[in-house]
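# Fold and contact review
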Amino acid sequence: MRRRPMGGALPDPMEKNASKIPNSRICCLASLSAFFWFLLLYFHFVVLADNHNSNSSYDLVQSTVNHEFTSIHINETLDTPQLQTPSRKFAFPKSDDHDHDTRTHPIEKSDDDNDHDIHTRVSPVEKSDGNHDHHTRAAPIEKSDDDLDHDIHASPFEKNDDDHGHDIHTRAARIEKSDDDHDHDIYTRATPIEKSDDDHDHDIHTRAPPIKKKNIPFERALRTADNKSDPCGGRYIYVHDLPSRFNEDMLKECKSLSLWTNMCKFTTNAGLGPPLENVEGVFSDTGWYATNQFAVDVIFSNRMKQYECLTQDSSIAAAIFVPFYAGFDIARYLWGYNISMRDAASLELVDWLMKRPEWNIMNGRDHFLVAGRITWDFRRLSEEESDWGSKLLFLPAAKNMSMLVVESSPWNANDFGIPYPTYFHPAKDADVFNWQDRMRRLERKWLFSFAGAPRPGNPKSIRGQLIDQCRSSQVGKLLECDFGESKCHSPSSIMQMFQSSHFCLQPQGDSYTRRSAFDSMLAGCIPVFFHPGSAYTQYTWHLPKNYTKYSVFIPENDILKGNISIEERLSQIPPEQVKILREEVISLIPRLVYADPRSKLETLKDAFDVSVQAIIDKVTNLRKDIIDGHTDENFIEENSWKYALLDEGKHEVGPHEWDPFFSKPKDGNGDSTDSSAEAAKNSWKNEQRIHS
């Protein structure tokens, strides 16, 4: 029997739910739609905005990196532009969206403000986790003129993952660039690309013509001085390889080098002559030779062979040496030969030099040569057969060169005085130090002394008066040097007298200067000069410009007029001052002697070293003036002696107390009929007396 349901019972749940389904679905769909639009708006305004700011920051960082790692190097040829490669890697910020590896043909660059062309010269680079391929191996490039252009020349570097692509194109010609504002292309081995007008474009031009720069052929030589690790930087000397007829062949004919003297013995021992025996104990045991006063040609050339900074590359040379034996050459033909013979070797030399490429660097203004004679032997003013000497120093090309002579002209700018050779030629520093100590300890019994002969044919000469005062003084010593007086020409006799004297009188010789001045200073004797041309305006490289530090000056006119007693004048100098003067003279000895050419002093600078450095300084300063565009338009050659006395850095000359001693010759070049030529002729007469 079935039981009937109870009244009020609930209906079936399934039936109830079925009635509510349509409304629930609509609500759910509406919620999902709202949530979707919320996410879409959030992504658009928040995520994309942040990403755009990140890209802007990346552009700034990359531009900074580009700028900081860019460097342009100009190579030594001054013509080829090169890039300096950083030694480290660097990475760009990462991006996520684009990966481009393109190898296209020529392209044109867009006007995008932030485009950057990066030209690298590296091996293939690593690819990062991002989307950029970098292919490198570029030719040299030329930097653009844009103020903000930046070239990146690096070793392999990491790739970034920036959202905006960076294409690196290799082995490409002109490439076409996209319009994307943030694309960065790196071009290698490309032909020149067109630059846009945008100030921020960074162009790299490859295989470009060299940068045009003013041709300065000696700039490389100047730069050697900047290399502090090179002990020869700024000191290199290039020596011309002259045909032997200009030097060595002359020595083979040594008997013809002097009319009265057999020069063969004086050209031995590298030009020093035969050794001197120390019989009377006047000399040191070694280093003393019977050196001829006109032997500087060969001595200097042999010293140059030992110079520590010789070079075969003239482009780095601070100066160029011409080993022409000019003194020996003219000595052969001064007497009994016509002017054609006297000028022949000089003309051939100039012709040979002007055909050399080294000459064209400065048209000879970096060249120098040495002659062991006085300047007047090379300054013939006319074509008259009776005129004296050759015209070497008046040849247009020779005027550009520097000539080192034992006596220079006060009125000309292309010759410079260097010391006469003495009898002492040390082989090592100790030889010099020992000699200096010995000269300090000597007892000197004579107040003053004079070695020389009178000049009765010259009314301006004061030698007669000096001889008279020496004879009449109890504290004066005289060594007469006239015909038949052999002691005057004995090195030991001369040096013994100088070593025994406090002061040594040094008047003019047959010309302004005389060898005796250097022999006396070698002996520690204080020189007394009577004409500024005897030393003060001559040897400004080797002697202090302040002549009162090492010498005494008594004007010639005071002696000629009989206004002064030499004994009285010298006696007035306090003993302490005499000691100071002598110490200065002794300290100058290394600079006044020529070391043995077969050896080299270690710490001391001899007359050769001083002369070479002075030439280097002269040429270097001239080169710097040329580069800087400095010219001395007010230079007056006839005042050359004044310029030699100026302090470093000064260029203007004015009236001088010594003007009366160097009044301008009437012909404007040097007096060929009076002082210069006659002095040269008289020097030969003196040589005849010496060897008679």
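Quantities reported herein were computed from a predicted structural model and do not represent experimental measurements.

## Considering the overall build of the chain
The helix and strand tally for the chain stands at 19 helices and 17 strands. Residues classed as buried in the chain amount to 52% of the 692 residues present. A total accessible area of about 34,300 Å² is found for the chain, and carbon and sulfur atoms account for 51% of it.

## Here we look at the sheet that holds strand 17 (residues 552–553)
Spatially, the five strands line up as an open sheet ordered 14-13-15-16-17, and their pairing is parallel. With one partner strand each, in any of the chains shown, strand 14 (476–480) and strand 17 form the two edges of the open sheet. By the bridge criterion, two bridges tie strand 16 (residues 526–529) to strand 17 in an arrangement that is parallel. Bridging across to strand 17, Phe 529 finds its partner in Phe 553. Its contacts with the sheet place helix 16 (residues 575–592) against strand 15 (501–506) and strand 16, and it is angled at close to 100 degrees to strand 16.

## Things to note about the environment of Tyr 333
When you line up the elements, Tyr 333 lands in the loop between helix 7 (326–331) and helix 8 (339–354). In this structure Tyr 333 comes out as buried when scored by relative accessible area, which is 15%. The spatial distance from the C-alpha of Tyr 333 to the C-alpha of Asp 343 is 9.3 Å, given a sequence separation of ten residues. Residues in contact with Tyr 333, not counting those within four places in the same chain, are Met 341 and Arg 342.

## So, the packing of aromatic side chains
All chains considered together, the criterion is met by 29 aromatic pairs. Judged by centre distance (5.1 Å) and plane angle (20 degrees), the ring pair of Phe 416 and Trp 541 falls under stacked. Taken together, the positions of Phe 416 in strand 12 (residues 415–417) and Trp 541 in the loop between strand 16 and strand 17 put the pair 125 residues apart, joining distant regions of the chain. An identical accessibility class is assigned to Phe 416 and Trp 541; each is buried. Where Phe 424 meets Trp 435, the ring centres are 5.9 Å apart and the plane angle is 40 degrees; that geometry is what we call tilted. Pair noted here: Phe 424 is in the loop between strand 12 and helix 10 (429–441) and Trp 435 is in helix 10, with a separation of eleven residues, a long-range link. The class for Phe 424 is buried, based on a relative accessible area of 0%. Among the aromatic residues, ring-to-ring pairing joins Phe 529, Tyr 536, Tyr 547, Tyr 550, Phe 553, Trp 658 and Phe 661 into one connected group.

## Quick look at the state of the cysteines
Enumeration according to the criterion identifies three disulfides in this entry. Two residues, Cys 254 and Cys 264, share a disulfide whose sulfurs are 1.9 Å apart. Disulfide Cys 254-Cys 264: the torsion about the S-S bond is 90 degrees, which places it as right-handed. Of this pair, Cys 254 sits in the loop between helix 4 (248–252) and helix 5 (268–271) while Cys 264 is found in the loop between helix 4 and helix 5, placing the two residues ten residues apart along the sequence. Residue Cys 504 pairs covalently with Cys 525 via a disulfide, S to S 2.0 Å. Its S-S torsion of about 110 degrees marks the bond between Cys 504 and Cys 525 as right-handed, since a negative value means left-handed. With a gap of 21 residues between them, Cys 504 in strand 15 and Cys 525 in the loop between helix 13 (516–522) and strand 16 connect regions that are remote in the sequence. A single burial state applies to Cys 504 and to Cys 525, both of which are buried.

## A short note on the pairing of strand 13 (residues 446–452)
Among the seven residues in strand 13, six count as buried, and that is most of the element. The pairing of strand 13 with strand 15 spans three bridges and is parallel. Bridge pairing in strand 15 links Phe 448 to Phe 503. Where strand 13 and strand 14 come together, five bridges link them in parallel fashion. Opposite Phe 448, over in strand 14, you have Gly 476 as the bridge partner. Each parallel crossover has a hand, and for strand 13 linked through helix 11 (residues 463–472) to strand 14 it is right-handed.

## Remarks on the environment of Ala 225
Note on placement: Ala 225 falls in the loop between helix 3 (219–223) and strand 7 (237–239). Judged by relative accessible area, Ala 225 falls into the partly exposed class, the value being 36%. A sequence separation of eleven residues divides Ala 225 from Tyr 236, and the C-alpha atoms of the two residues are 9.6 Å apart.

## Brief notes about helix 12 (residues 491–499)
Since the α-helix turns once every 3.6 residues, residues separated by three or four places project in the same direction. Burial of helix 12 is extensive: eight of the nine residues sit out of reach of the surface. For helix 12, the complete set of buried residues consists of Pro 491, Ser 492, Ser 493, Ile 494, Met 495, Met 497, Phe 498 and Gln 499. Tucked inside the fold, the buried residues of helix 12 contact helix 10, strand 13, strand 14, strand 15 and helix 13.

## Concerning the sheet that holds strand 10 (residues 367–374)
Reading across the sheet, the six strands line up as 8-7-9-10-11-12 and stay open at both edges, with parallel pairing between neighbours. Of all the strands in the sheet, just strand 8 (310–311) and strand 12 have a single pairing partner and so form its edges. Against the sheet, helix 17 (residues 607–628) makes contact with strand 7, strand 9 (319–321), strand 10, strand 11 (402–407) and strand 12, and its axis sits at roughly 140 degrees relative to strand 11, the strand it touches most.

## Examining helix 10
Compared with an ideal rise of 1.5 Å per residue, which puts 13 residues at 18 Å, helix 10 spans 19 Å between its outermost C-alpha atoms and is within 8% of the ideal. Here helix 10 has its buried residues at Asp 429, Asp 431, Val 432, Trp 435, Gln 436 and Met 439. Buried positions in helix 10, seen along its axis, are confined to an arc of 160 degrees and lie on one side of it. Across from the buried face of helix 10, at angles greater than 90 degrees, the exposed residues are Asn 434 and Arg 441.

## A closer look at the nonpolar core
Within the largest apolar cluster, 115 residues are counted, with the highest numbers of intra-cluster contacts made by Phe 300, Phe 324, Phe 503 and Tyr 550. A per-element tally of this core places helix 17 first, with eight residues. Grouped together as the second largest cluster of nonpolar side chains are 25 residues, Phe 283, Ala 451, Met 495 and Phe 498 included.

## Side note on the confidence of the model for the chain
Counting all residues, the mean pLDDT for the chain is 77, and 66% of those residues have values of 70 or more. Across residues 52–208 the pLDDT falls below 50, and counting only partners more than four positions away or on other chains, this stretch makes 368 contacts in the model. Contacts of residues 666–674 to residues separated by more than four positions or lying in other chains number 17 contacts, the stretch itself having pLDDT below 50.

## A word on the packing of helix 6 (residues 296–305) against helix 17
Put simply, helix 6 and helix 17 touch, their axes get as near as 11 Å, and they point 80 degrees apart. In terms of orientation, helix 6 and helix 17 fall into the roughly perpendicular class. When helix 6 is examined against helix 17, the residues Phe 300, Arg 303 and Met 304 are found in contact with a partner set consisting of Phe 608, Asp 609, Ser 611 and Val 612. Residues belonging to the contact of helix 6 with helix 17 are distributed by class as follows: four nonpolar, one polar and two charged.

## So, the environment of Met 521
Tracing the backbone shows Met 521 in helix 13. According to the relative accessible area criterion, Met 521 is buried, its value standing at 1%. Between the C-alpha atoms of Met 521 and Phe 498, which are 23 residues apart in sequence, the distance is 8.4 Å. Look past the residues within four positions of Met 521 in its chain and what remains in contact with it is Pro 527, Leu 543, Tyr 550, Val 585, Ile 589 and Leu 592.

Cut-offs used in this document
- Residues numbered from 1 in each chain as written.
- Predicted model: local features only at pLDDT ≥ 70, side-chain atom pairs only at ≥ 80, totals over all residues.
- Heavy atoms only, no water.
- Helix = DSSP H or I, 4+ residues; strand = E, 2+ residues; numbered from the N terminus.
- Buried < 20%, exposed > 50% of the residue type's maximum accessible area, 1.4 Å probe, protein only.
- Areas by Shrake-Rupley, 256 points an atom, 1.4 Å probe, with all protein chains shown as cover.
- Pairing = 2+ DSSP bridges.
- Contact = heavy atoms within 4.5 Å.
- Axes fitted to C-alpha atoms, helices over the stretch in contact; angles between N-to-C directions.
- Phe/Tyr/Trp six-rings, centres within 6.5 Å; stacked < 30°, edge-to-face > 60°.
- Disulfide = S-S within 2.5 Å.
- Right-handed = clockwise from strand over helix to strand, strands pointing away.
- Expected span 1.5 Å × (residues − 1).
- Arc of directions from axis to C-beta.
- Core = buried A, V, L, I, M, F, W, Y, C linked by side-chain atoms within 4.5 Å.
- pLDDT = per-residue confidence, 0-100.
- Parallel < 35°, antiparallel > 145°, perpendicular 65-115°, else oblique.
- Nonpolar A, V, L, I, M, F, W, Y, C, P; charged D, E, K, R; others polar.

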